[in-house]
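An overview of the molecular structure
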Amino acid sequence: MSDIINIKSITEFTNILELPPPKHPLVSVFNLKDLPHIVDYNDIRYTSDLFMISLKDGITGTINYGRNSYDFSDGTMIFMKPNQVMSGAKEEIDPNSKGWILMFHPDLIRKSELGKTISSYGFFDYEVHEALHLSEEEQQTITELIRKIEKEYSQNIDKHSQKLIISNIELILDYCMRYYDRQFYVRTNLNQDHVSEFEQLLKEYFTSDKPSELGLPTVKYCGEQLNMSPNYLSDLLKKETGKNAKDHIYAFVVNKAKTNLLGTTHSVSEIAYNLGFDYPQHFSKLFKSKTGVTPVQYRSQN
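These remarks concern the structure in this document. In this text the structure is predicted, and so the values were computed from the model without any measurement.

Some points on the overall build of the protein
Each helix and strand in the protein was counted, giving 13 helices and 13 strands. Intrachain contacts of the protein at a sequence separation of at least 6 include 72% that bridge at least 24 residues. Surface accessibility of the protein: about 15,900 Å² in total, with carbon and sulfur atoms responsible for 48%.

Concerning the packing of aromatic side chains
Two numbers describe a pair of aromatic rings. These are the distance of the centres and the angle of the planes. A complete count under the given rule lists 20 aromatic pairs for this structure. Between Phe79 and Phe123, the ring centres sit 4.4 Å apart and the planes meet at 45°, which makes this aromatic pair tilted. Pair noted here: Phe79 is in strand S9 (residues 76-80) and Phe123 is in the loop between helix H3 (113-117) and strand S13 (132-133), with a separation of 44 residues, a long-range link. What makes Phe79 buried here is its relative accessible area of 4%.

Quick look at unusual backbone geometry
Backbone geometry at Glu18 places phi at a positive 55°, although glycine is not the residue there. Mapped onto the elements, Glu18 comes out in the loop between helix H1 (10-16) and strand S2 (27-31). The phi dihedral of Asn227 is positive, around 60°, even though this residue is not glycine. Tracing the backbone through its elements, the reader meets Asn227 in the loop between helix H8 (219-225) and helix H9 (230-241).

A closer look at the sheet that holds strand S12 (residues 100-104)
In space, the 5 strands of this open sheet follow the order S2-S12-S5-S9-S13, with antiparallel pairing throughout. Each of the sheet's edge strands pairs with one partner strand only, and the pair in question is S2 and S13. Summarising the sheet, S2 and S12 pair through 5 bridges and their orientation is antiparallel. Within S12, the position partnered with Val27 by the bridge is Phe104.

Analysis parameters
Residues numbered from 1 in each chain as written. Predicted model: local features only at pLDDT ≥ 70, side-chain atom pairs only at ≥ 80, totals over all residues. Heavy atoms only, no water. Helix = DSSP H or I, 4+ residues; strand = E, 2+ residues; numbered from the N terminus. Contact = heavy atoms within 4.5 Å. Areas by Shrake-Rupley, 256 points an atom, 1.4 Å probe, with all protein chains shown as cover. Phe/Tyr/Trp six-rings, centres within 6.5 Å; stacked < 30°, edge-to-face > 60°. Buried < 20%, exposed > 50% of the residue type's maximum accessible area, 1.4 Å probe, protein only. Pairing = 2+ DSSP bridges.

This is the structure in structure tokens:
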């Protein structure tokens with residue numbers, strides 16, 4: 001495997017692809033039709049110090065991200081935050097492609113409200129196969145905002161420019177939140193299957209030796225078993241059930257603990273260790289936070 005190429009700036013990106021220098025050092029839009037017709041990423045892994053949002057349209061190829069590879073199709077949006085590693089195979093770009101890549105450096109938004117809230121857009125932590133798929137109308141809405149950003153930094157920069165650029169980036173992210181909600185909604189039957197798979201995973205976990213060996217199941221562990229990123233799993237569960245993955249795990253643990261408290265004579269410490277807690281006091285704290293009473297009080301009251 002080759003070394004990882006780290007792209008520190010938009011200027012570095014333009015140099016690598018032999019493109020004209022950027023008009024703004026911290027934000028740029030690249031239209032796919034203006035990129036080299038064939039880009040070969042074979043055996044190349046890269047990361048960057050930039051946020052990257054792309055609409056894949058009129059492009060064929062495969063992108064590798066995390067543990068998964070993905071053959072993207074028209075209308076696919078992919079989100080990448082700084083320090084994530086990606087790789088890909090050869091890409092061929094249609095000269096009539098309507099796709100684009102938006103890149104911006106964290107310094108652009110660092111002093112803004114978006115700089116404080118961008119971590120709340122969980123799709124930056126989704127796996128590539130959990131990409132957003134847009135309708136024609138949705139593509140048009142997002143692309144109109146992209147054109148506003150492009151126009152804003154291409155004209156004379158003034159004291160309003162940065163604020164307006166950031167506002168349009170935030171609008172793009174908010175629309176993508178809406179579109180992801182729509183995607184979760186229209187896939188509700190598939191998502192219900194995932195909910196059932198998640199619940200079955202927890203049942204099998206706690207009927208095995210895994211709690212003693214591995215401790216409490218983490219959201220990351222559950223996501224890996226279901227081939228999902230932790231954020232996507234939590235968001236899917238939240239949309240379908242109103243509770244995120246961690247809430248589900250804790251609820252399952254508490255219900256299991258209730259059964260053990262009333263159905264066995266095991267001590268609270270034994271029950272805690274059997275459920276995967278390293279320290280009984282952590283178990284007691286969680287139990288009380290979810291039920292309002294300690295394990296000892298629950299057992300005595302019932």
